[in-house]
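Inside the fold
Listed below, chain by chain, are the residues.
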Amino acid sequence: MLQLIKLIKADIMKLKSTQMIWMHFYIPLLGLIIFLGYYSISPWSSFSKISAYLQVLCMVFPILIGIITSMVADQEYTAGGFQNILTGSEPKYLAFASKLILFLSLGTLSTLLAVMGFYIGYSFIDDNIYPVYINLAVVGILIGSNVFQYILHFFLSFRFSKGVSIGVGISESLASGLFLTGMGDGRWPFVPSTWSMRLVESLLMKYKS
């Protein structure tokens, strides 16, 4: 456990000279500004606005995860041809686990900002039809659904290339949108990238005011 903590601290130090940490805050803030700005003048219903925002959030996650994990792989390759991650810990999986834990933590903070920031911001525009506990449930769904995505894309980035990871992320985002339609009925449980989209939409429909 002590070695894992040291590895996480070392990974944080590596990221201080990059934009990867700040990307987890800039991107959600940009999304909030765009959507809340548009929704302040949009005639849509509250359900349509909230549902559309969360659908877009679910769709962009696979792409963003693919980009971020590929940036981590590039950083490790540049630093020493993956030697640090292969020889930097014993057992070797700890070096991978430290990166996974760090980016899951950053992803959690980013998700909280995106969902709860929207909840707070939207309350200044219109009546929020979903209470805070529903929004926290959405956060939990997004985080839980994306654990597999982080593991998959770390593997793709380190084993193959950033092009493969980003390409798969784009395909997953498209699939999550398509599988929200009747095409996904009965099939979506077998496609991990669609879990968050389907579960969030089901939650919103169940507790729709």
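A short tour of the structure in this document, coming up. Along each chain, numbering runs from 1 in the same order as the chain's sequence is written. A pLDDT threshold of at least 70 governs which residues receive local features in this predicted model, and a stricter bar of 80 or more applies before side-chain atom pairs are shown or counted, although totals over entire chains, interfaces and linings include all residues. As a rule here, side-chain values come from all non-hydrogen atoms in the structure, and water together with hydrogens is ignored.

1. Remarks on the packing of aromatic side chains
Put simply, the test is: The criterion for an aromatic pair is that two Phe, Tyr or Trp rings (for Trp, the six-membered ring) have centres within 6.5 Å, with stacked assigned to planes under 30 degrees apart, edge-to-face to planes over 60 apart and tilted to the rest. For the purposes of this entry, the term helix denotes a DSSP run of H or I that reaches at least four residues, the term strand denotes a run of E that reaches at least two, and both are numbered from the N terminus.
Inspection of the entire model under this criterion finds 14 aromatic pairs. Relative to Tyr39, the ring of Phe35 lies with its centre 5.8 Å away and its plane at 70°, an arrangement referred to as edge-to-face. Linking Phe35 with Tyr39, this pair stays in helix H2 (residues 20-39), spanning four residues, or about one helical turn. Here the aromatic cluster, defined as three or more aromatic residues joined through ring pairs, consists of Phe35, Tyr38, Tyr39, Trp44, Tyr53, Phe118 and Tyr122.

2. Observations concerning a nonpolar patch on the surface
Spelled out, the test is: Residues forming no salt bridge and having over 30% relative accessible area are the ones grouped into patches, like charges within 9 Å of each other and nonpolar side chains (Val, Leu, Ile, Met, Phe, Trp, Tyr) within 5 Å. Exposure was quantified through the Shrake-Rupley algorithm and a 1.4 Å probe, taking into account, for residues, occlusion by the shown protein chains and nothing else. Between Lys or Arg on one side and Asp or Glu on the other, a salt bridge is scored when a side-chain nitrogen of the former is within 4 Å of a carboxyl oxygen of the latter. Classification of residues uses two cut-offs on accessible area relative to the type maximum, computed with a 1.4 Å probe and protein chains only: under 20% is buried, over 50% is exposed, and between them is partly exposed.
The grouping of Leu109, Leu112, Val132, Tyr133, Leu136 and Tyr207 at the surface amounts to a nonpolar patch, some 540 Å² of accessible area in total. Of all the secondary structure elements, the ones that give two or more residues to the nonpolar patch are helix H5 (93-122) and helix H6 (132-159). A per-element tally of the nonpolar patch places H6 first, with three residues. With relative accessibility at 52%, the residue Tyr133 sits in the exposed group.

3. Focus on the layout of surface pockets
Selection rule: Each cavity reported here is a set of points on a 1 Å grid over the protein atoms alone in which a 1.4 Å probe fits but cannot get out, each pocket an open set with protein on both sides within 12 Å along at least five of seven lines, and each lining residue one with an atom within 4 Å of a point. Grid points are joined across faces, edges and corners, and a volume is the space filled by probe spheres set on the points. Residues are grouped as follows: Ala, Val, Leu, Ile, Met, Phe, Trp, Tyr, Cys and Pro are nonpolar; Asp, Glu, Lys and Arg are charged; all remaining types, including Gly, are polar.
By volume, the largest pocket is sized at about 300 Å³. Lining the largest pocket are 20 residues, and of these Ile27, Pro28, Leu57, Val60 and Leu64 lie nearest its centre. Of all elements in the fold, only H2, helix H3 (46-80) and H5 reach the threshold of two or more residues within the lining of the largest pocket. Residue contributions to the lining of the largest pocket peak at eight residues, all from H3. Looking at side-chain class alone, the lining of the largest pocket contains 15 nonpolar, five polar and no charged residues.

4. Concerning the nonpolar core
Going by this rule: As used here, the term nonpolar core means buried Ala, Val, Leu, Ile, Met, Phe, Trp, Tyr and Cys residues forming a set that is joined through side-chain atoms within 4.5 Å. What makes two residues a contact is simply this: any of their non-hydrogen atoms within 4.5 Å.
If you look at the biggest cluster of nonpolar residues, it comprises 40 residues, and the most contacted ones within it are Tyr53, Leu54, Leu57, Phe103 and Phe118. Counting only elements with at least two residues in this core, the list comes to H2, H3, H5, H6 and helix H8 (195-206). It is H3 that contributes the most residues to this core, 12 residues altogether. What Phe118 contacts, discounting residues up to four positions off in sequence, is Leu32, Leu36, Tyr39, Lys49, Ile50, Tyr53 and Leu113. In terms of nonpolar packing, the next biggest core, distinct from the first, is built from five residues, Leu4, Ile8, Leu94 and Ala97 among them.

So, to be careful, I would describe these as geometric facts and stop short of saying anything about function.
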